[in-house]
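Residues per chain, in single letters:
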Amino acid sequence: MTETDPIELTEIQLEVINRCNFQCPLCKSLQKDWVPRRSMQLDEVRSVIDPIARDISNITLYGTRGEPLLHKEIDSIVDFLTRVTTAKVSISTNASLLTEDKGKRLLDAGLDQLVVAVDGITEASYSAYRHGGNLEQILKNIRRFCELKAAGQYNMRVIFQFIPMAGNEHELSKIPPLAYELGVDLVKAKFSSSVARSDQFKTRSKIFQDLVPEEEHFACPFGIHKVYVDPNGFAYPCCYAEGEKDLCMGNAVTDVRGVWESDAMQQYKRAFVNQENFPQFCMDKCYRAPRKKKLLIRKNELKNQQWLEVIKTAMQ
């Protein structure tokens with residue numbers, strides 16, 4: 001690729017709704033700002049995807065504010081995406097609305113990956129952050145979805161994700177066995193920079209307090225070949241920039257190619273290709289903050305209890 005060749009667009013984060021039925025204290029959905037709250041309609045999704053359908057390899061239908069299962073047409077959107085692209089289609093959900101009917105429709109639509117965000121395995125730890133949810137019902141929903149997946153032999157993955165924080169870190173060793181008993185495919189502990197900045201919620205686990213690496217290379221955690229689009233069609237270089245007026249690169253519903261190939265977007269992405277002239281927003285948001293980190297605890301590790309050693313290391 002030369003300096004004049006446009007950087008290819010291969011991934012898209014399409015937040016189809018920016019409303020949520022929970023009120024988690026640190027979530028951006030509680031923020032009152034200029035961004036209109038709405039759902040992206042199916043024909044708008046088509047307008048974004050059709051021009052790039054042959055190039056996209058990964059589509060995530062969630063972002064910084066919304067609960068995807070609140071969208072009335074979420075299964076139709078997934079069905080459309082799996083028919084017109086060969087991309088891996090993923091959803092992240094709080095699982096409160098993961099009913100048997102909705103779960104079956106998502107499976108039939110061809111969903112490739114479902115991330116269920118469960119930050120606590122007792123009512124006390126769960127409700128300390130997940131305001132608006134009922135843990136017992138959440139776990140029932142996850143179990144039933146996994147049963148439907150297994151019974152229908154659907155080729156998709158369910159990830160049980162939790163964010164270590166002050167109210168749940170004492171449960172870390174108990175989470176993987178419980179999650180795998182529900183039938184999920186993978187357990188993931190995910191570092192959150194928002195939690196790390198919060199005196200109330202930040203964890204003591206050393207492994208999730210990673211410092212900025214000493215190496216000079218600054219890799220974009222969002223991706224060079226990826227764009228974020230909110231339910232209004234507003235396009236940004238990444239989901240962290242969502243809502244920043246000066247970083248809105250245009251409307252992807254009307255011209256996704258034009259937005260991606262614009263001088264502003266290409267300059268933003270090319271900074272990470274060339275490793276120079278980084279945007280100030282990136283320096284403040286990602287380079288001068290702890291890098292995101294995740295810990296994967298696989299099912300086969302439970303047999304020899306390797307995960308306990310991992311957790312002990314994390315808690316030192």
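Below or above, wherever it landed, is the structure these notes cover. (Residues numbered from 1 in each chain as written. Predicted model: local features only at pLDDT ≥ 70, side-chain atom pairs only at ≥ 80, totals over all residues. Heavy atoms only, no water.)

This brings us to the overall build of the protein. Check the secondary structure of the protein and you find 11 helices and 9 strands. Taken against the 2.2 N^0.38 rule, which gives 20 Å for 316 residues, the C-alpha radius of gyration of the protein at 20 Å falls within 12% of a compact globule. Taking the principal axes of its C-alpha atoms as reference, the protein extends roughly 55 × 45 × 40 Å. For the protein, with 316 residues in total, the buried portion stands at 50%. (Helix = DSSP H or I, 4+ residues; strand = E, 2+ residues; numbered from the N terminus. Rg over C-alpha atoms; globule rule 2.2 N^0.38 Å. Buried < 20%, exposed > 50% of the residue type's maximum accessible area, 1.4 Å probe, protein only.)

The next point concerns helix α6 (residues 175-182). Of the positions making up α6, those classed as buried are Ile 175, Pro 176, Ala 179, Tyr 180 and Leu 182. Seen from one end, α6 has its buried residues packed into an arc of 150°, which puts them on one side. (Arc of directions from axis to C-beta.)

A few words on the nonpolar core. Judged by nonpolar contacts, the single largest core of 95 residues is most densely connected at Ile 12, Leu 61, Ile 142 and Phe 160. The dominant element in this core, judged by the number of residues it contributes, is helix α5 (residues 135-152), at 7 residues. (Core = buried A, V, L, I, M, F, W, Y, C linked by side-chain atoms within 4.5 Å.)

All right, on to the side chain of Lys 149 then. Along the chain, the position of Lys 149 falls in helix α5. The exposure class assigned to Lys 149 is buried, which follows from its relative accessible area of 11%. A polar atom in the side chain of Lys 149 sits 3.0 Å from the backbone oxygen of Met 156. In this structure Lys 149 touches Leu 107, Tyr 154, Met 156, Arg 157, Val 158 and Asp 185, once residues within four positions along its chain are discounted. (Polar contact = N/O pair within 3.5 Å; in protein donor to acceptor, adjacent residues only side chain to side chain. Contact = heavy atoms within 4.5 Å.)

Enumeration over the complete set of coordinates arrives at 17 salt bridges. Among the salt bridges present, the one from Arg 105 reaches Asp 101, with a minimum N-O distance of 3.0 Å. With Arg 105 and Asp 101 both in helix α3 (residues 100-109), this residue pair falls 4 residues apart, about one helical turn. Connected via shared salt-bridge partners are Lys 28, Asp 33, Arg 37, Arg 65 and Glu 242. (Salt bridge = Lys/Arg side-chain N within 4 Å of Asp/Glu carboxyl O.)

Further remarks concern the sheet that holds strand β5 (residues 157-162). Taken in spatial order, the 9 strands line up as β8-β7-β1-β2-β3-β4-β5-β6-β9 in an open sheet, and their pairing is mixed. Of all the strands in the sheet, just β8 (235-236) and β9 (294-297) have a single pairing partner and so form its edges. Bridge analysis of β5 against strand β6 (residues 186-190) gives 4 bridges, and the strand direction is parallel. The residue bridging Ile 159 from the neighbouring strand is Leu 186, located in β6. Lying on the sheet, helix α2 (residues 74-84) is in contact with β2 (58-60) and β3 (88-93); it crosses β3 at an angle near 160°. (Pairing = 2+ DSSP bridges. Axes fitted to C-alpha atoms, helices over the stretch in contact; angles between N-to-C directions.)

What follows deals with the environment of Asp 55. Topologically, Asp 55 is positioned in the loop between α1 (42-49) and β2. With relative accessibility at 37%, the residue Asp 55 sits in the partly exposed group. In the structure, Asp 55 is positioned 106 residues away from Gln 161 in sequence and 29 Å away in space, judged by C-alpha atoms. Not counting residues up to four positions away in its chain, the partners in contact with Asp 55 are Leu 9, Thr 10 and Arg 257.

Running from N to C, α1 and α2 point in directions that differ by 25°, and their axes come no closer than 10 Å. Taken together, the axis directions place α1 and α2 in an arrangement best described as roughly parallel. Of the two possible hands of crossing, α1 and α2 adopt the one that is right-handed. Along the contact surface, α1 presents Leu 42, Val 45, Arg 46 and Ile 49, while α2 presents Ser 76, Ile 77, Phe 80, Leu 81 and Val 84. Considered class by class, the residues forming the contact of α1 with α2 number 7 nonpolar, 1 polar and 1 charged. (Parallel < 35°, antiparallel > 145°, perpendicular 65-115°, else oblique. Left-handed = near helix turned anticlockwise from the far one by under 90°. Nonpolar A, V, L, I, M, F, W, Y, C, P; charged D, E, K, R; others polar.)

The two faces of a sheet get side chains in turn, since along a regular strand they alternate between them. Strand β4 (residues 113-117) sits mainly inside the fold: 5 of its 5 residues count as buried. Burial along β4 is two-sided: Gln 113, Val 115 and Ala 117 and Leu 114 and Val 116, pointing in opposite directions, are all buried. In this sheet, β4 lies alongside β3 in parallel orientation, the contact comprising 4 bridges. Looking across to β4, one finds that Ser 90 is bridged to Gln 113. Between β3 and its parallel partner β4, the chain crosses via α3, and the hand of that crossover is right-handed. Both β4 and β5 contribute to a ladder of 5 bridges, which runs parallel. In the strand pairing of β5, Val 116 is matched with Phe 160. (Right-handed = clockwise from strand over helix to strand, strands pointing away.)

A cluster of basic residues, Lys 88, Arg 157, Lys 294 and Arg 298, forms a positive patch at the surface. Note on placement: Arg 157 falls in strand β5. (Patch = residues over 30% accessible without salt bridge, like charges linked within 9 Å, V, L, I, M, F, W, Y side chains within 5 Å. Areas by Shrake-Rupley, 256 points an atom, 1.4 Å probe, with all protein chains shown as cover. Lys, Arg positive; Asp, Glu negative; His and termini not counted. Charge placed at Lys NZ, Arg CZ, Asp CG, Glu CD.)

Enumeration over the complete set of coordinates arrives at 6 aromatic pairs. Pairing Trp 34 with Phe 234 gives two aromatic rings, centres 5.6 Å apart and planes at 35°, and the pair type is tilted. Of this pair, Trp 34 sits in the loop between β1 (11-14) and α1 while Phe 234 is found in the loop between β7 (226-229) and β8, placing the two residues 200 residues apart along the sequence. Judged by centre distance (6.1 Å) and plane angle (45°), the ring pair of Tyr 228 and Tyr 236 falls under tilted. Tyr 236 sits in the buried class, given a relative accessible area of 0%. One aromatic cluster is present, built from ring pairs that chain together Phe 218, Phe 272 and Phe 278. If you follow Arg 46 out to its NZ or CZ, it ends over the ring of Phe 80, 5.6 Å from the centre. A cation over an aromatic ring shows up here: Lys 226 above the ring of Phe 222, its NZ or CZ 4.6 Å from the ring centre. (Phe/Tyr/Trp six-rings, centres within 6.5 Å; stacked < 30°, edge-to-face > 60°. Lys NZ or Arg CZ within 6 Å of the ring centre and 35° of its normal.)

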